[in-house]
Amino acid sequence: MTARVLVIGSGGREHTLAWKLAQSIHVKQVLVAPGNAGTACSEKISNAAISVSDHTALAQFCKDESIELVVVGPEAPLAAGIVENLTSAGVRCFGPTAKAAQLESSKRFAKEFMDRHGIPTARWRAFTTPEEACSFIMSADFPALVVKASGLAAGKGVIVAKNQEEACRAVQEIMQEKAFGAAGETIVIEELLEGEEVSCLCFTDGSTVAPMPPAQDHKRLLEGDLGPNTGGMGAYCPAPQVSKDLLLKIKNAVLQKTVDGMQQEGTPYVGILYAGIMLTKDGPKVLEFNCRFGDPECQVILPLLKSDLFEVVQSTLDGQLCTSLPAWLENHAAVTVVMASKGYPGAYTTGMEITGFPEAQALGLQVFHAGTALREGKVVTSGGRVLTVTAVQENLMSALEEAKKGLAALQFEGAVYRTDIGSRALAFLRQPRGLTYKDSGVDIAAGNMLVKKIQPLAKATSRPGCDVDLGDFAGLFDLKAAGFKDPLLASGTDGVGTKLKIAQLCNKHDTIGQDLVAMCVNDILAQGAEPLFFLDYFSCGKLDLSTAEAVVAGIAKACGQAGCALLGGETAEMPDMYPPGEYDLAGFAVGAMERDQKLPHLERITEGDVVIGIASSGLHSNGFSLVRKIVAQSSLQYSSPAPDGCGDQTLGDLLLTPTRIYSHLLLPVLRSGHVKAFAHITGGGLLENIPRVLPPKCGVDLDARTWRIPRIFSWLQQEGQLSEEEMARTFNCGVGAALVVSKDQTERILRDIRQHQEEAWVIGSVVACPEGSPRVKVNNLAEAMQMNGSVMENSSLKNHCSVQPTKARVAVLISGTGSNLQALIDSTQDPNSSSHIVVVISNKAAVAGLEKAERAGIPTRVINHKLYKNRVEFDNAVDQVLEEFSTDIVCLAGFMRILSGPFVRKWNGKQKLFDTTLSSQLKMDSRMVNLTASLSSEIFTMIFYFNIGHNLISFSLPKRVAQ
C-alpha cells in the first residue's frame, strides 16, 4: 500500500467513492475534503481541512501530503476547472476538464452538441427572456412542458409541468424569481418525453467507453412518485428495463457518440459520463448529461463493482481503459434508500442525533453518510439528505427488504424516506411476457459477444491457405495455396479429460486451450502431417464470457504455436447439462503431408533401430482421473505449494502445466526422411502408444535411467503407491514423444532437435517381440523415479545419450546493436552455463544485434512496433513468440520500448523478467561477473553497482537472479 488519495466532496456519493477506493490494495489512505461524519475517522478514511475552491492552495496541499490521485465527486468543482488547474500543477486528477464538463454545466451547450452529432434527444429551444419562452410554450407543435435552468442547480433545476400554464409559471420562477440563481439566466424548454427514465453511466478515457450497469433514480420526495423534485430519494441497480442489447445500443448511439464527438471537437472527455435516458417508444433519448457519478446512483453502482476502483481510474487517466475494463458483480442487485431531514427539499431542521449504526452494520448493510456531522462525539444531521442505506442481494426484492430493515434500525427525529424504491422495476418484472430463448437459459447475446471478442484472436491465426473470418457456415482451406502438390489429409479429435476439473477448481482457464490443441495436433503429427486448421467445441450450462474468452484465447495462442489456423468452432450453452462453473472441451485438427512423407514407415523399421525420447512438459493431459484421486487422498490441496523439488508454484499450477506442442520442433525433422516413426505418448502412456507405430513382430526395450523424469511423477507414484506398470501405462513419465530412427542417423536427429534447445535422449531400441510378449519393456523405472528427476547415463547407450541438466530458456529483447548481447551469447554457450538463449526478438529490422544472434545460430524474430495500434497489441505479438519458444526468462538488453502492465504482470514472477543495461555476464577490467551460473536460486531483488573507469553504472534484477 503506497498511494494516498484525495476525494473532493461531502455527500453520500463521496463517502461511497472513499469507501470503494479504500478497498484497493494500492491505497494507503483516503482523505475527503470537506467530508462528513462518515468519512471522519474510519480505518483508512479521514477528512481533510482544506478549501477545495482555492485550487492553488489545494495543489500545494496535495504536494505537501503526497497525494497521488484526486477524485472529484460533485459537478461544481469540475465546472470551475479543478481538473486542469491541478493537472497543470502536477497533481493527477480524475474527471473532465471545465470545457468538457459543459455537457452538464450548460444545458444549452449539451443540446446543441447532441444536435451536431446526431445523438437522440427531445426537441428543444433555448431562451434568455421569459416572454419569448412563454410564447414558445403556448405555440410549440409538441408538448413543451419541461423547463430547465441551463446552468448548474445541484440536480434540482428541472421542472416538469402538467400543462402550459404550469410551464409558464416555472419560467417565471426560474428567470424572474431567480429560484436557481444565475443558473437560470438561460433556460431550455424541452419536449415532454414519455417512458421509463434510467441512468446510464460509463468510465471513459477519451476514446474507450466502459458502461456501468444501468440504474434508476427516484427524484420525487414521496411514495408513488409524488411530491416535489429532490436531489434523489433512492436508487436501484441494475435496472431490468434495460436489457443487454438495449444497453449496447445506448452505448453505441449515445455514450460512444458523445465521447467521439468531444474528441472530434478538440475537447477529449475523460472521467465519468452520465446520460439520463428516457426509454421512449421511438427508442432511447437523452434527457441530460452529467459529468460525474450521480447521487444516489453511485451508492448502488460501486457496491456492484468487482474491479479495483483505483486501478480502473488509473487506467482511465493513462488512456489504457481498453486493457483494464471494469468487471461487475453478476446476478446481484443493489438498492439504496435516502433518509432526509424533515422539511427537505425546502427549509429543514438540523442537529438531530442519529442512532442505530451498529444495528445496521450487524444486518450487513452499508450506510453512506451525506448531511451528517460530529458533535460532542455524536453523529447529528447537518443537511437535507442525511444518509443512504444500501443493501446488496441476489435479487431486487431481497435487497429492498434488507434496506427497509436498515431504515427501521436507524433513527433521527423527523426522518423522511420512501419504502417503494424499485417498485417500478418490480412491476416491470411482474409483467406477463412471452417466453424467450434467454428465459430457457440460453443467452444468444452473450454468445454473439463472445464471437465478437474472439474474432481478432482467430483472425491472428490466419496462415497460407486460410484467411480466418469467423461467421460463415463453414471454413475453407486451400491446400494448393499452402504449397501441397500430392497431399494426404490427416485428422484427429480429442479432449482434455478431467484436467478440466482442476482448471475449474483453480479458476485458471488460460492454459487449458493449449492442452486441447496439443492433444489433437500431436496426434496428426504422428502421421507426418503438418497441422493446417483447428476447430473447437466449448459446451457449458451457463455461458460465462470471461471464462470462455480465456479458454478460446488459449486455443488461439496454441494454434499460433502449432502453425495452424483456428478456422471455427462451436459454443454450446446447454442449461441443466452442467453444474454452475463447469464446461467441457473438444477439439478437431486437420493436417496434411505429401503422400511420400506419410508416417510410420513400418516396412523400414528393423531390430536394432534406436528410440529417441523427447521431453514432455509434465503430465500433459492424460491420467488426470487417477491424479485427482491421488491428490484427494493426500495431505495437499490444489492451492498448496507443490511437492519438494517441483518448483515454487502451487500444486494446481504445476498440474495445469500445458501440454507441449511438437509441430514447430519436429516437422523439419520428420520431413528430412530420416525418421521411421513418431509416437505421441498420450492416453495409455509408454506401454500402449509406442506399439501403435511398430510392425507386429517388433517391440522396444526402454531404460528409464536414460531420461529425466520430472519430480511430479515420483510424487504421484509414492502417494498413490502405483506399480511400475501402472505408471508406464497411465503417464508419459517425462517422455512426450518418441522417434524411431536408424542407428546411423541418431546423432544427426539429436543434433537437429537440440539446436532448438529441446531435451532429447536415446531411451531404448527396437527389439524382436515374439507373439504374446509385452511389446514395451520399461526397465529401471522405479529406480529412476527415486532419483527425483536426475538424468543418468546408461553405459550401453553412452555414445548416443548426452546427459544434460535442464537449462533455463532465455529470450532476449533488443532494439539495436545489442552491445551487451554478445556477452550473453558467450556466457550461455559455455558448457557449464545453466541457461541458453532460445530466441532474440527485435522491434527493428536489420540491426546489428540480430546479426550477432544469427551468427551464433540463435533463432531471431522481428516484431515492428510501428505496425501495431498500441503497446498492448505489440506486447501480445511479443508474448506469442515467447510462448512459441517456451520461454522461462525474458531479458531486456537495450530494449527501447515501454512494456504494458499486463505483459509485465504476466512475465514478472510467473516466469522471470529482468532488465539489464549491461549483460547477464559482464566483462569489465579483465574481470568476469557471472550472473548466469545458476538460475534456480531463491527469488529476491538486488541492485549491483560497478565502477567502470570514472562511471558508476547500476542495474537491478527483479525477482530472480543467479548465485
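From a predicted model like this one, the values you see are computed outputs, not experimental measurements.

The rules behind these values
- Residues numbered from 1 in each chain as written.
- Predicted model: local features only at pLDDT ≥ 70, side-chain atom pairs only at ≥ 80, totals over all residues.
- Heavy atoms only, no water.
- Helix = DSSP H or I, 4+ residues; strand = E, 2+ residues; numbered from the N terminus.
- Buried < 20%, exposed > 50% of the residue type's maximum accessible area, 1.4 Å probe, protein only.
- Contact = heavy atoms within 4.5 Å.
- Domains from an automatic or database assignment.
- Phe/Tyr/Trp six-rings, centres within 6.5 Å; stacked < 30°, edge-to-face > 60°.
- Pairing = 2+ DSSP bridges.
- Core = buried A, V, L, I, M, F, W, Y, C linked by side-chain atoms within 4.5 Å.
- Axes fitted to C-alpha atoms, helices over the stretch in contact; angles between N-to-C directions.
- Patch = residues over 30% accessible without salt bridge, like charges linked within 9 Å, V, L, I, M, F, W, Y side chains within 5 Å.
- Areas by Shrake-Rupley, 256 points an atom, 1.4 Å probe, with all protein chains shown as cover.
- Salt bridge = Lys/Arg side-chain N within 4 Å of Asp/Glu carboxyl O.
- Lys, Arg positive; Asp, Glu negative; His and termini not counted.
- Charge placed at Lys NZ, Arg CZ, Asp CG, Glu CD.
- Disulfide = S-S within 2.5 Å.
- Parallel < 35°, antiparallel > 145°, perpendicular 65-115°, else oblique.
- Left-handed = near helix turned anticlockwise from the far one by under 90°.

Below, the discussion takes up the environment of P641. On the secondary structure map, P641 appears in the loop between helix 19 (624-633) and helix 20 (651-655). When its relative accessible area of 64% is taken as the criterion, P641 is described as exposed. In the structure, P641 is positioned 13 residues away from L654 in sequence and 9.3 Å away in space, judged by C-alpha atoms. Dropping the residues within four chain positions of it, P641 is found in contact with L636, Q649, T650 and L651.

In this section: the domain arrangement of the chain. We note that the domain assignment places domain 1 (101-323), domain 2 (442-583), domain 3 (602-788) and domain 4 (808-914) within the chain. Inter-centroid distance (C-alpha atoms) of domain 1 to domain 3 is 66 Å.

A few words on the packing of aromatic side chains. As enumerated under the stated definition, the model contains 9 aromatic pairs in all. Taken together, a centroid distance of 6.3 Å and an interplanar angle of 20 degrees make the contact between F109 and F113 stacked. One end of the pair is F109 and the other is F113, both in helix 6 (residues 107-117) and 4 residues apart, which spans about a single turn. This pair shows no difference in class: F109 is buried, exactly as F113 is. Taken together, the ring pairs connect F127, F136 and F142 into an aromatic cluster.

If a strand is regular, its side chains alternate between the two faces of the sheet. Relative to strand 31 (residues 760-768), strand 27 (residues 610-615) runs antiparallel, the two being bridged by 5 bridges. Among the inter-strand pairings, I614 is bridged to a residue of strand 31, identified as A760. As defined by bridge partners, strand 29 (residues 698-703) adjoins strand 31 across 5 bridges and the pair is classed as antiparallel. Pairing of D701 across the sheet is with S765, part of strand 31.

For soluble globular proteins, the rule of thumb is that nonpolar side chains tend to be buried together. If you look at the biggest cluster of nonpolar residues, it comprises 98 residues, and the most contacted ones within it are F534, L655, I690, W707 and V778. With 8 residues, helix 18 (residues 545-562) is the largest single contributor of residues to this core. Membership of the second largest hydrophobic core comes to 73 residues, among which are C62, V254, V389 and L407.

Next up on the list: unusual backbone geometry. At the junction of A33 and P34, the peptide bond is cis and its omega measures out at 0 degrees in the coordinates. If you trace the backbone, P34 turns up in strand 2 (residues 27-34). A cis amide bond, omega 10 degrees, links Y344 with the succeeding residue P345. Positive phi outside glycine occurs at E376, with the angle close to 55 degrees. Here E376 is to be found in the loop between strand 20 (372-375) and strand 21 (378-381). By relative accessible area, E376 is classed as exposed at 79%. Within the chain, D576 stands out as a residue other than glycine whose phi angle is a positive 75 degrees. In this structure, D576 sits in the loop between strand 25 (565-573) and strand 26 (583-594).

On to the sheet that holds strand 31. Taken together, the 6 strands give an open sheet; going across it, the order is 28-30-27-31-29-32, and neighbouring strands pair in mixed fashion. With one partner strand each, in any of the chains shown, strand 28 (675-680) and strand 32 (776-779) form the two edges of the open sheet. Averaged over all adjacent pairs, the angle separating strand axes in this sheet is 25 degrees, with direction ignored. The pairing of strand 29 with strand 32 spans 4 bridges and is parallel. Across the sheet, the residue bridging to D703 is N779, located in strand 32.

What follows concerns a positive patch on the surface. A grouping of K844, K866, R871 and R897 is seen on the molecular surface, where their side chains present a positively charged patch. Among the secondary structure elements, R897 is positioned in the loop between strand 36 (889-893) and helix 30 (901-907). Note on R897: relative accessible area 30%, which makes it partly exposed.

Under the counting rule described, the total for this entry stands at 0 disulfides. With no disulfide of its own, C520 has C564 as its nearest cysteine by sulfur position, at a separation of 9.3 Å. A relative accessible area of 1% means that C520 is categorised as buried. C646 forms no disulfide, and the closest cysteine sulfur to it belongs to C733, at a distance of 14 Å.

Further remarks concern the packing of helix 18 against helix 29 (residues 871-884). Put simply, helix 18 and helix 29 touch, their axes get as near as 9 Å, and they point 60 degrees apart. Relative to helix 29, the element helix 18 lies oblique. In the packing of helix 18 onto helix 29, the handedness of the crossing is right-handed. Contact residues: K557, G560 and Q561 in helix 18; D879, Q880, E883 and E884 in helix 29.

Let us look at the sheet that holds strand 12 (residues 216-217). Read from one edge to the other, the open sheet built from 5 strands follows the order 12-15-18-22-19, with strand pairing classed as antiparallel. Both edges of this open sheet fall to strand 12 and strand 19 (366-369), since each of them pairs with a single strand only. With 4 bridges connecting them, strand 15 (residues 234-237) and strand 18 (residues 333-340) associate as antiparallel partners. Within strand 18, the residue paired with G234 across the bridge is V337.

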